[in-house]
Amino acid sequence: MSDSAIKQLQKEFPPIKNNLILRACRGEPLERVPIWIMRQAGRYLPEYLSLRSEHSFFDVCRTPALCCEVTLQPLRRFDLDAAIIFSDILVVPQALGMQVDMIAKEGPRFAHPLNVPADIKLRVDRSKQASVELKYVYDAITLTRHALNGQCPLIGFSGAPWTLMSYMVEGKGSETHSKAKKWLYTYVEESHDLLQFLTHFIIDHLVEQVCAGAQLLQLFESHCGCLNYDLFIRFSLPYLRQIAKGVREALTRRHIPYVPLIIFAKDAHYALDELCSSSFDVVGLDWSITRKQIRSIRDKYPTVTLQGNLDPCALYASSNDLEKMIKQMLEIFGTKHYIANLGHGIYPDANIDNVKHFIDTVHRISSEMISSTTSTKTINSNK
Ligand code: 1CP
């Protein structure tokens, strides 16, 4: 598609029919709680596996028509309240010139990870621009926003600086992230320099996604489990805050209406206060966050929308047990300022019937809860 054809398409997005999730971010009264599922497009769906048997992972990412198809697959099966563009957090290091391959049954693998700071000069091309290198993501977003035809909002996303840096140094997934953490203890200045550079690039990547049609943004800081409070405060939080502020300012500068920002900092149970006071509209909670912690931040930060946090493994339970867990989750979070989701990405062997049951049950129970409080209020006001 030509640039002018894309620009034209961006001006003519179909009107939105279901904006529940956007209203939840603003804390408006709702008829039911919105729900989407992290990694809702992916390997648990046979139609995804079938498409992947013909195309490599990054070919799918780089082909807007395929991205659009895969993004829509879960929406054809389930009554979801948001779509998330099919892409990956590792398209950012690729855009900077690093070679990343997706190895079957293993995951992402970098051909030449960063071993020492001198490698940054060799492997990371600081002249690259998101708007050029990741144009395929933005084209996919514009195409998908049209194909959705207003069914629900489209989420754009990026990995956060520390998570991307840890992949760039480790070169693959890791239990301990000890190579990347070594940088934080031995190459302090160089680590900050890399994180700062990534921060600017990520801000551009997120803003471009909004220009292309994304209606919410989620930032994945997936590797907080290997940090402690002090490391998080020094090497993650300042950059998360810069991103929230930077995206907001860039959108204002470009006269683009603001979109809600979600932070999902997995395993950052030690920094919930900091996350809730970092000017993100939504704080995603992973499945390990306790009821006590949820109640505490709910009370302390009533204007922050919370997202999560059902254990992805709860989808292996019987439908009766699953329903009990959903009810409990809705009772703890409440129905306002809340987006239901899993507390991490869905697993490839998730039971598809239970995925549908999860989504439909959140809708049913939350609408019952909302209509019973509304009718109680009406009775009270008529007294
Ligand atoms: O073979 C395949 O098809 C690859 C499986 C797969 C998929 C479906 C990968 C490899 N990435 C994705 C898509 C993806 N990744 C999405 C798409 C949209 C959707 O959610 O439906 C998103 C949002 C991501 C984000 C992502 N990628 C994260 C953050 C979320 C999280 O899990 O914490 C991370 C850490 C990655 C890296 C990555 N990509 C793929 C894998 C297996 C991994 C994890 C590797 C590891 O550290 O072990």
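Cut-off values and rules
Residues numbered from 1 in each chain as written. Predicted model: local features only at pLDDT ≥ 70, side-chain atom pairs only at ≥ 80, totals over all residues. Heavy atoms only, no water. UniProt positions renumbered as here; feature names shortened; annotations may be inferred. Helix = DSSP H or I, 4+ residues; strand = E, 2+ residues; numbered from the N terminus. Rg over C-alpha atoms; globule rule 2.2 N^0.38 Å. Buried < 20%, exposed > 50% of the residue type's maximum accessible area, 1.4 Å probe, protein only. Contact = heavy atoms within 4.5 Å. Lys, Arg positive; Asp, Glu negative; His and termini not counted. Charge placed at Lys NZ, Arg CZ, Asp CG, Glu CD. 1 Å grid on protein atoms, 1.4 Å probe; cavity = no way out; pocket = protein on both sides within 12 Å on 5 of 7 lines; lining within 4 Å. Points joined across faces, edges and corners; volume = space filled by probe spheres on them. Nonpolar A, V, L, I, M, F, W, Y, C, P; charged D, E, K, R; others polar. Pairing = 2+ DSSP bridges.

An unreviewed UniProt entry annotates the protein chain as Uroporphyrinogen decarboxylase of Adineta ricciae. Listed under Subcellular location (unreviewed entry) in UniProt, the entry text for the protein chain is "Cytoplasm, Cytosol".

With that settled, consider the overall build of the protein chain. Regarding its fold elements, the protein chain presents 18 helices and 9 strands. Computed over C-alpha atoms, the radius of gyration of the protein chain comes to 21 Å, within 12% of the 21 Å expected from 2.2 N^0.38 for 383 residues, which places it in the range of a compact globule. C-alpha atoms of the protein chain, sized along the principal axes, occupy 75 × 50 × 45 Å. The 383 residues of the protein chain split such that 55% are buried. Restricting to contacts in the protein chain with at least 6 residues of sequence separation, those with at least 24 account for 76%. Where the 43 positive side-chain charges of the protein chain centre and where its 41 negative ones centre are 3 Å apart.

Taken as a whole, the largest pocket encloses approximately 1400 Å³ of empty space. Lining the largest pocket are 46 residues, with Arg 39, Arg 43, Asp 88, Pro 108 and Tyr 167 sitting closest to its centre. Contributing elements (two or more residues each) for the lining of the largest pocket: helix 3 (46-52), strand 2 (100-103) and strand 3 (107-110). If you tally residues by element for the lining of the largest pocket, the top one is helix 3, at 3 residues. Its residues placed into classes, the lining of the largest pocket shows 23 nonpolar, 13 polar and 10 charged.

It is worth spelling out the sheet that holds strand 8 (residues 305-310) at this point. Read across the open sheet, the 7 strands follow the order 1-4-5-6-7-8-9; overall the sheet is parallel. Where the open sheet ends on each side, the last strands, each with one partner, are strand 1 (83-84) and strand 9 (338-342). Two strands pair when backbone bridges link them, and strand 4 (residues 154-159) and strand 5 (residues 216-221) are joined in this way by 5 bridges, in the parallel orientation. Bridge pairing links Gly 156 to Leu 217 in strand 5.

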